[in-house]
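A closer look at the structure
Here is what each chain is made of, one letter per residue.
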Amino acid sequence: MRAALRAALPPLVAFAAGNALWEAAVRLLEVPIYLLPPPSRIAAALVTHAATLGGGVLLTGQAALAGFALAGVLGVAAGVVIASARWVERAVYPFTVLLQTVPLVAIAPLLVVWFGYGVRPVAVAAFIVAVFPVIVNTVTGLRSVDPHLVDLFRLYGAGFWAQLGKLRLPAALPNVFAGLKVAAGLAVIGAVVGEFVASYAGEQAGLGMLALTYARESHTDRLFAAVGLASLLGLALFAAVGGAARVTLRHWHASEQERP
Amino acid sequence: MPGGEAPAHNAPVTARQGAGEGARVRLRGVHRKFPGGVVALDGVELEVAAGEFVALLGPSGCGKSTLLRLVAGLDLPQEGTVQVTGAGGRLAYVFQDPHLLPWRSVQGNVELPLELAGVGRGPRREAAAAALAQVGLTDARTRYPAQLSGGMRMRASLARALVTDPRLLLLDEPFAALDELTRARLDEELYELWRRRGMTVLFVTHSLGEAVFLAQRVVVLSRRPARVVGELQVGLAGRREPALRTTAPFNDTVRRLLAMLQEGEVG
Ligand SMILES: Nc1ncnc2c1ncn2[C@@H]1O[C@H](COP(=O)(O)OP(=O)(O)OP(=O)(O)O)[C@@H](O)[C@H]1O
Ligand SMILES: [Mg+2]
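So, here is what we can say about the structure in this document.

Looking now at the overall build of chain A. The helix and strand tally for chain A stands at 10 helices and zero strands. N-terminal to C-terminal, the α/β element order of chain A is α-α-α-α-α-α-α-α-α-α. Judged by the C-alpha coordinates and their principal axes, chain A covers about 75 × 55 × 30 Å. Contacts in chain A between residues at least 24 apart in sequence constitute 74% of all its contacts with a sequence separation of at least 6. In the structure as shown, chain A presents an accessible area of about 14,000 Å², 71% of it carried by carbon and sulfur atoms. Across chain A, the 17 positively charged side chains and the 11 negatively charged ones have centroids separated by 10 Å.

Quick look at the structure:
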């Protein structure tokens, strides 16, 4: 408990100091509020518009989570297929790189054509940006299995599925988690960008949509609040994946072992 | 006895309890060349009788691991034949390093071969408990490999090999990475296991002393490409105790083996 407190203290102090500096600078230099609002104004906006912003967090969180889950499942599955044979890898791998380079903002209108407006195209946008690191890391993990252990499994007559379930996938887990950690932040970014294109402004608006609206209205304090909440959402998803990794790997993988 | 032909070989010198339960191994003119042109084995002739303990001795990189993988059926020769009879699929392999699954407890690691063979939970538990007791790891069964010493990991690896009650046990410099004392103790334990269970053992080692201490027969391989350049019936009587390593017959045998190895180096 004390250790947790001691770990949380430095970032908290830094946060408070940064905000105080920001507040003082904005007030002393009399920066217009629509350009850069002080933290106190952002906090006030956060309280005043709690309902709207809270709804936004829920909506964007939902889409990001759905896209992230999809990226996790399909990314690992794609990794397994790609790593299953060299010719499959040669045939398919170059195209997965396209996922990485496709400009999401440009493809989002297409998602609207395919999935209509609402949460579905947003989730797909989140999926598209989140899946690549999962695939790449899964393939790396599956490829770096100890060849002696492969020999051992062959010696005891293990088939493809036994080898996958009892050797390759567990061995790849540390890499899969590394991919999922990157995917967590990307999924939120993908959802926010997806909302720019694929949602209506209105009662049921996600953080991306809200940010866009606030920007047009020059409600910069609310815009900051929405952006801050989106970052927190990514942070929360990242922390959840980190926790899952710790619980799963703590007994055996150096990355999650406590050093005295 | 340099040359490609292996000398005629007779049945094990000492009759032991449970002898004949092991598998037989026969290699005829085995040739293995790797892509890139490295010839690891060039006409290897080797015969191992049921229940025999044979040590394979040869310079580093000569092809000993390659030979063992061929016997295990993990690799195929370009020429010649590798025959293993009477194993009934009960073959076990111990590597130079433990190579345990780090995400499984010791118990889980030892159960693995039975799990892959489709053995049920109950019998699996029992067999694993027996194998762990044999290597003295009962108290560590719930621990993970990362929490064990090197010697304990090697014991776990040995238990994993023993759990299927193998008819043929292949060991590739299994204790080479351990300290002298642990290695000597594990040698003694391995010898005891073999004496009680009567499986056939093929044991690769760099160490003359270890080969003489353990084996009934030592087969000497040449530098790469490996051929059998000689062999020695050890025929040391009695139990394997630390004191044996300082007796005159033991040291005599080591000396003769050394001479043979040096001959192989030149010829
Ligand atoms: N898969 C492979 N592809 C290419 N060359 C290989 C392969 N496996 C082994 N070799 C080569 O074959 C030769 C014999 O290797 P091997 O591992 O059998 O030697 P070894 O006698 O076991 O050596 P050590 O005593 O150091 O363990 C070496 O030169 C090695 O580089
Ligand atoms: Mg070797």
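Still to come is the rest of the account.
Attention now goes to the site of ligand 1. All names here are of chain B. Within the structure, ligand 1 sits among 13 residues, and Gly61, Lys64, Ser65, Thr66 and Arg224 are positioned closest to it. Taking Ser60, its side chain carries an N or O atom lying 2.9 Å from an oxygen atom of ligand 1. The contact in question runs from an oxygen atom of ligand 1 to an N or O atom on the side chain of Glu173, over 3.2 Å. Contact with the protein chains covers 62% of the free accessible surface of ligand 1, which is 630 Å². Top element by residues in the shell around ligand 1 is helix 1 (residues 64-72). It accounts for three residues. Each residue belonging to the shell around ligand 1 can be placed in one class, and the counts come to four nonpolar, six polar and three charged.

Before going further, it helps to spend a moment on the sheet that holds strand 8 (residues 217-221) of chain B. Residue and element names in this part refer to chain B. Pairing within the open sheet is mixed, and its six strands lie in the order 5-6-7-3-8-9. Bordering the open sheet on either side are strand 5 (91-94) and strand 9 (228-233), each of which pairs with just one other strand. For this sheet the average axis-to-axis angle between neighbouring strands, irrespective of direction, equals 15°. Pairing analysis gives five bridges linking strand 3 (residues 53-57) to strand 7 (residues 200-205), with the strands arranged parallel. The partner of Phe53 across the bridge, within strand 7, is Val201. Of the strands in this sheet, strand 3, strand 5, strand 6 (168-172), strand 7 and strand 8 are in contact with helix 1, which crosses strand 6 at around 155°. Packed on one face of the sheet, helix 5 (residues 180-197) meets strand 3, strand 6 and strand 7 and runs near 160° to strand 7.

This next bit is on the packing of helix 8 (residues 160-198) of chain A against helix 10 (residues 220-249) of chain A. Residues and elements named next belong to chain A. Remark: helix 8 packs on helix 10, axes separated minimally by 9 Å, with the N-to-C direction vectors making an angle of 165°. Relative to helix 10, the element helix 8 is oriented roughly antiparallel. Considering how the two elements wind past one another, helix 8 and helix 10 form a crossing that is right-handed. Residue-level inspection shows Leu173, Pro174, Phe177, Leu180, Lys181, Ala184, Val188 and Val192 of helix 8 in contact with helix 10, the latter providing Ala230, Leu233, Gly234, Leu237, Phe238, Val241, Gly242, Ala244, Ala245, Thr248 and Leu249. Partitioning the contact of helix 8 with helix 10 into residue classes produces 15 nonpolar, three polar and one charged.

All right, on to the packing of helix 6 (residues 119-143) of chain A against helix 8 of chain A then. Residue and element names in this part refer to chain A. Relative to each other, helix 6 and helix 8 sit at 160°, their axes nearing to 6 Å. Of the possible angle classes, the one that applies to helix 6 and helix 8 is roughly antiparallel. Judged by the twist between their axes, the crossing of helix 6 over helix 8 is right-handed.

Moving on to the sheet that holds strand 4 (residues 79-85) of chain B. Residues and elements named next belong to chain B. Pairing is antiparallel in the open sheet, where three strands are placed in the order 2-1-4. For this open sheet the edge positions go to strand 2 (39-48) and strand 4, each flanked by a neighbour on one side alone. With direction set aside, neighbouring strand axes in the sheet form an average angle of 20°.

Another aspect to go through is the side chain of B:Lys64. All names here are of chain B. Structurally, Lys64 can be placed in helix 1. One buried charged side chain, Lys64, makes no salt bridge at all; its nearest oppositely charged neighbour is Glu173, positioned 4.4 Å away. Only 3.2 Å separates the side chain of Lys64 from the backbone oxygen of Gly58, close enough to count as a polar contact. Setting aside its immediate chain neighbours within four residues, Lys64 contacts Leu56, Leu57, Gly58, Pro59, Glu173, Val204, Thr205, His206 and Leu221.

Looking now at the pattern of salt bridges. Residues and elements named next belong to chain B. Across all of its chains, the model carries 25 salt bridges over all chains by this definition. As a salt-bridge pair, Arg28 and Glu47 come within 2.8 Å of each other at their nearest N and O atoms. Of this pair, Arg28 sits in strand 1 (residues 24-33) while Glu47 sits in strand 2, and the two are 19 residues apart along the sequence. Since its relative accessible area comes to 31%, Glu47 is described here as partly exposed. Members of the salt-bridge network, linked through shared partners, are Arg26, Arg28, Glu45 and Glu47.

A word on the nonpolar core. Core analysis: the biggest nonpolar cluster contains 152 residues, and B:Leu67, B:Leu169, B:Leu170 and B:Leu257 have the highest contact counts within it. A per-element tally of this core places helix 8 of chain A first, with 14 residues. Both of domain 1 (35-90 + 166-267) and domain 2 (98-165) of chain B provide at least three residues apiece to this core. Contacts of B:Leu170, omitting those with residues within four sequence positions, involve B:Leu68, B:Val71, B:Ala72, B:Leu91, B:Ala92, B:Tyr93, B:Val94 and B:Leu202.

Analysis parameters
Residues numbered from 1 in each chain as written. Chains lettered and ligands numbered in written order. Predicted model: local features only at pLDDT ≥ 70, side-chain atom pairs only at ≥ 80, totals over all residues. Heavy atoms only, no water. Helix = DSSP H or I, 4+ residues; strand = E, 2+ residues; numbered from the N terminus. Contact = heavy atoms within 4.5 Å. Areas by Shrake-Rupley, 256 points an atom, 1.4 Å probe, with all protein chains shown as cover. Lys, Arg positive; Asp, Glu negative; His and termini not counted. Charge placed at Lys NZ, Arg CZ, Asp CG, Glu CD. Near = heavy atom within 4 Å. Polar contact = N/O pair within 3.5 Å; in protein donor to acceptor, adjacent residues only side chain to side chain. Nonpolar A, V, L, I, M, F, W, Y, C, P; charged D, E, K, R; others polar. Pairing = 2+ DSSP bridges. Axes fitted to C-alpha atoms, helices over the stretch in contact; angles between N-to-C directions. Parallel < 35°, antiparallel > 145°, perpendicular 65-115°, else oblique. Left-handed = near helix turned anticlockwise from the far one by under 90°. Buried < 20%, exposed > 50% of the residue type's maximum accessible area, 1.4 Å probe, protein only. Salt bridge = Lys/Arg side-chain N within 4 Å of Asp/Glu carboxyl O. Core = buried A, V, L, I, M, F, W, Y, C linked by side-chain atoms within 4.5 Å. Domains from an automatic or database assignment.

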